[in-house]
Amino acid sequence: MEYNVSNRQVLLEKEMRESGVTRYHKNNLKKADRGQESTTSYGQYLMSVTLEALEKAIADYVKDCMEGRAGKAATGAVMIETLEPSVIAVITLRVALNQITRQRAYTSSSIALGMALEDEIRIRTFEENNPHLLNVVMKDLESRSSSYSYKRRKLIEASRRDGNEWTSWTQRERLLVGNALIDLTIQHTGLLSHKIMMKEGKKKRLLLPSDETMKAIKDLDAFKEVMKPEFYPCVSPPKDWTSPYDGGYHTHHIRQITLVKTDNHRYLSELKHFDMPQVYGAVNAMQRTGFMVNKFILDVLKQIWDTGIQIPSLPPSENYEIPVKPLDIATNKEARTHWKREAVIIHTENNRLDSKRLLLRKTIQVADKFKDEEAIYMVYQLDFRGRIYAVPNFLNPQGTDFSKALLMFSEGKPIDSDSASYLAIQGANTFGFDKVSLEERVNWVVDNTDRILSCAKDPLGDLWWAKEADSPFQFLAFCKEWQGWMEQGEGFISHLPIAADGSCNGLQHFAAMLRSTTTGKEVNLIPMDEPQDIYQKVADKVTEKLKTMDSPFAKQWLEFGVKRGCTKRPCMVLPYGGKQYSFSDFVMEHLVEQKEKGNKHPFGDNAFRASIFLAKIIWDSIAEVVHAATDAMAWLQKASRVASSEGLPIRWDTPVNFPVLQAYKATKPYRIKTKLLGSVFQPMIYKETGKIDKNRQANGISPNFVHSIDASHMMITINVAQQCGIHNFAMVHDSYGTHAADAGELWWCLRKAFVEMYKQCDVLEDFKNDLLDILPEDKHHAITATPEKGDLDIDVVEGSSFFFA
């Protein structure tokens, strides 16, 4: 399909590139101004290509000097002989690179380098005398993302308080050390040069980047500029994907992205030869879907941002205050420890809030930029499992609650009383009233219409939507749409995407592939009068177990209550490779969320230990509630280890003929530990050994396999829906959205697609056969039979109202 690329789209793609260039250089300038050029992309590159040579030169220099070479250079070697050459090289390069593009005095740079090496030795002496105290101080500093100078000052203060004596190096000693190492850097890396210049009437020896270094920086900048555009939505429909290399953005101003986001060019070349009409059909249909900015939601967000109104789901406009230091902090160890622990928590939370505020601000800015466009379109890419992701940053239909709420379909469709019921279901779902029948959801909206209209008319005067709804901004978008329906009735033109969400979709797929009636019932594959709530069922099971336990934590959890929100994320991630240790993080996050809502937990400083305690019980309870997932996961992991033991990647074709290649390579980290700089890495943080990583292959197989299957289901659904006349899609992996007028048809399509996929494919058997194709025959016996199937009749899914709802 050919598109007429408007001049505006060409200009927009130029702007995307220029915005990326501006952002790239702005970040580099900030780092240069702060004396942190070594952390820029060109700084990291220059360190990677010079570190090995400098390390060898330093080792030879110290060795030669310690074997008897006399002179000033030998004095420098004596000062640093206790440090490893790798550490000396890293510190030297960091100091040399931190203002590489600035002209600096050779002498002051040498002294600064000498001081940095002195600091390293001094802190090591502190560690030898009191390793526990150093560890405590370092942990506190790391939690603050502190600057080098701040860390240095705090560590020296702690060392002095601990009674550690240190005889400072003289300026001459620092100069000798620094001179020797900078000379080595000039001689053996080609990174730096020096020359005598007249400055303020005096001759001064300046340290400069070499011509080769400046050329390398210029070349790398030119490459990075192209690689870092700020991706926006399009104002013309994106190019249809016709091959792995041809589709998406229109012009040469944006670097060519590929259909599958991967660095494996051999894989992309092979992909050209695969016949994948359903893949291309689904991605292109999503790219042709036009959206427009919901100005009502945008205005509300801008008012909240400008006025600082506190909305529970948005970050507060101000950071939390750091606790006041106790007056006796210097002498009262217990008070000092407690204050530090509380301060670290606040620092961490403030860092999280800064990131959330940045995301909100950028999303508002992009929405404001496109608010007057009649239609905007998203470019999409696949990951290596076949999942479809929007390329534009910040504003896209797969983003946050407020990002989704900011988008409506540009094409509107009239609705009647039947399709208005799907609009009502959207309202009940986004509010959180979704564990009841569809009829009850519609009735809930009807019963609450007065309050819904109040929110639509005065969203900042009536904050019911913000305080009570699970997805507040999507619910508010519904409120405005419901107001239009109530005022205009039959024929009202609706633009709001109506989503049907899978019921713990990963478990749905495991239940289907093993035809498990028990698991299928829990995740709504089987028709029921009321939706099953697996999260609540697991929470109930956990509560039952707690009642039988004689433990202080058990009593406290019973007092606090184990809610479905506490077990939701563990249940969701289990089929995607979730582990028991990760469950404790989810429980801890739940406690933080409850605290933000005013529900104070009883665990005090033992919250993390209490989370670990409950995580194990949740793990055991999920295993009792759903068997299909754990059986299939165990088989997949065992099979993947057989392939890994042969050094082979794992490859399988999905039901839409998309080839998945899972090949996690074993890596060897290159890590140099310094006390003040921390762990310093080359830009390529991990070096691949060329061998398959058995553990990563086994841990990744379950999530990757299930993701590849749910991606196939979504693609098949889109293709079936297009045949039924549906052409607008707001899709998020396990959440399928279209117009209210087409929602009923889409709900039928997604059920039909699911049933047909599992009737036509035995995905586990197909995976097994793909594995056998790559294994030597003498290893075939190691691949055991797939888990035994149950008696679930997959056809019943077509009649399940709550499968996706």
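Scroll up for the structure.
In what follows, the accompanying structure is described. (Residues numbered from 1 in each chain as written. Predicted model: local features only at pLDDT ≥ 70, side-chain atom pairs only at ≥ 80, totals over all residues. Heavy atoms only, no water.)

## Examining a negative patch on the surface
Part 1 of the reasoning: Together, Glu439, Glu440, Asp529 and Glu530 give the surface a local cluster of negative charge.
Part 2 of the reasoning: Checked against the element boundaries, Glu439 lands in helix α16 (residues 438–447).
Part 3 of the reasoning: Judged by relative accessible area, which is 59%, Glu439 ranks as exposed. (Patch = residues over 30% accessible without salt bridge, like charges linked within 9 Å, V, L, I, M, F, W, Y side chains within 5 Å. Areas by Shrake-Rupley, 256 points an atom, 1.4 Å probe, with all protein chains shown as cover. Salt bridge = Lys/Arg side-chain N within 4 Å of Asp/Glu carboxyl O. Lys, Arg positive; Asp, Glu negative; His and termini not counted. Charge placed at Lys NZ, Arg CZ, Asp CG, Glu CD. Helix = DSSP H or I, 4+ residues; strand = E, 2+ residues; numbered from the N terminus. Buried < 20%, exposed > 50% of the residue type's maximum accessible area, 1.4 Å probe, protein only.)

## Details of a positive patch on the surface
Part 1 of the reasoning: Where like charges cluster on the molecular surface, the positive patch consists of Lys26, Lys30, Arg34 and Arg361.
Part 2 of the reasoning: Relative to the elements of secondary structure, Lys30 occurs in helix α1 (residues 7–33).
Part 3 of the reasoning: Look at Lys30 and you get partly exposed, because its relative accessible area is 41%.

## As for the pattern of salt bridges
Part 1 of the reasoning: What the rule picks out here adds up to 30 salt bridges.
Part 2 of the reasoning: One salt bridge in this structure joins Lys295 and Asp372, with 3.2 Å as the shortest N-O distance. Placement of the pair is Lys295 in helix α12 (residues 295–307) and Asp372 in the loop between α13 (333–370) and β7 (380–382), with a sequence separation of 77 residues.
Part 3 of the reasoning: On the accessibility criterion, Lys295 (41% relative accessible area) is partly exposed.
Part 4 of the reasoning: Of the charged contacts, one joins Lys302 and Asp368 as a salt bridge, the two residues approaching to 2.9 Å between their closest N and O atoms. Of this pair, Lys302 sits in helix α12 while Asp368 sits in helix α13, and the two are 66 residues apart along the sequence.
Part 5 of the reasoning: Overall, the relative accessible area of 27% leaves Asp368 in the partly exposed class.
Part 6 of the reasoning: Sharing partners across several salt bridges, the network here consists of Glu84, Glu120 and Arg124.

## Comments concerning the packing of helix α15 (residues 417–431) against helix α29 (residues 740–760)
For any two helices packed against each other, one specifies the crossing angle of their axes together with the interaxial distance.
Part 1 of the reasoning: Their axes nearest at 7 Å, the elements α15 and α29 cross at an angle of 85°. For the element pair α15 / α29, the angle class is roughly perpendicular. For the pair α15 and α29, the contacting residues are Ser419, Tyr422, Leu423 and Ile425 in the first and Ala740, Ala741, Ala743, Gly744 and Trp747 in the second.
Part 2 of the reasoning: Per-class residue counts for the contact of α15 with α29 are seven nonpolar, two polar and no charged. (Axes fitted to C-alpha atoms, helices over the stretch in contact; angles between N-to-C directions. Parallel < 35°, antiparallel > 145°, perpendicular 65-115°, else oblique. Contact = heavy atoms within 4.5 Å. Nonpolar A, V, L, I, M, F, W, Y, C, P; charged D, E, K, R; others polar.)

## A word on the packing of helix α20 (residues 505–513) against helix α28 (residues 694–723)
Part 1 of the reasoning: Relative to each other, α20 and α28 sit at 90°, their axes nearing to 10 Å. Classified by the angle between their axes, α20 and α28 sit roughly perpendicular to one another. For the pair formed by α20 and α28, the contact residues are Asn505, Gly506, His509, Phe510 and Met513 on the first element and Ser702, Phe705, Val706, Ile709, Asp710 and His713 on the second.
Part 2 of the reasoning: Class assignment of the residues belonging to the contact of α20 with α28 gives a composition of five nonpolar, five polar and one charged.

## A look at the side chain of Arg357
Part 1 of the reasoning: Residue placement: Arg357 occurs in helix α13.
Part 2 of the reasoning: Looking at Arg357, its side chain comes within polar contact range of the side chain of Asp354, at 2.8 Å.
Part 3 of the reasoning: Filtering out sequence-adjacent residues up to four positions away, Arg357 remains in contact with Trp305, Pro315, Pro316, Ser317, Glu318, Asn319 and Asn350. (Polar contact = N/O pair within 3.5 Å; in protein donor to acceptor, adjacent residues only side chain to side chain.)

## Overview of unusual backbone geometry
Part 1 of the reasoning: Not every positive phi belongs to a glycine, and Arg515 is a case in point at roughly 50°.
Part 2 of the reasoning: Judged by relative accessible area, Arg515 falls into the buried class, the value being 17%.
Part 3 of the reasoning: In the Ramachandran plot, His733 falls in the positive-phi region, its phi being about 65° despite a non-glycine side chain.
Part 4 of the reasoning: Looking at where His733 falls in the secondary structure, it is placed in the loop between β17 (730–731) and β18 (735–738).
Part 5 of the reasoning: Looking at His733, the relative accessible area reads 11%, which means it is buried.

## Quick word on the environment of Val87
Part 1 of the reasoning: Turning to its location among the elements, Val87 is positioned in helix α4 (residues 85–97).
Part 2 of the reasoning: Taking relative accessible area as the criterion, Val87 reaches 2% and is therefore assigned buried.
Part 3 of the reasoning: It is 40 Å that separates the C-alpha atoms of Val87 and Val587, two residues lying 500 residues apart in sequence.

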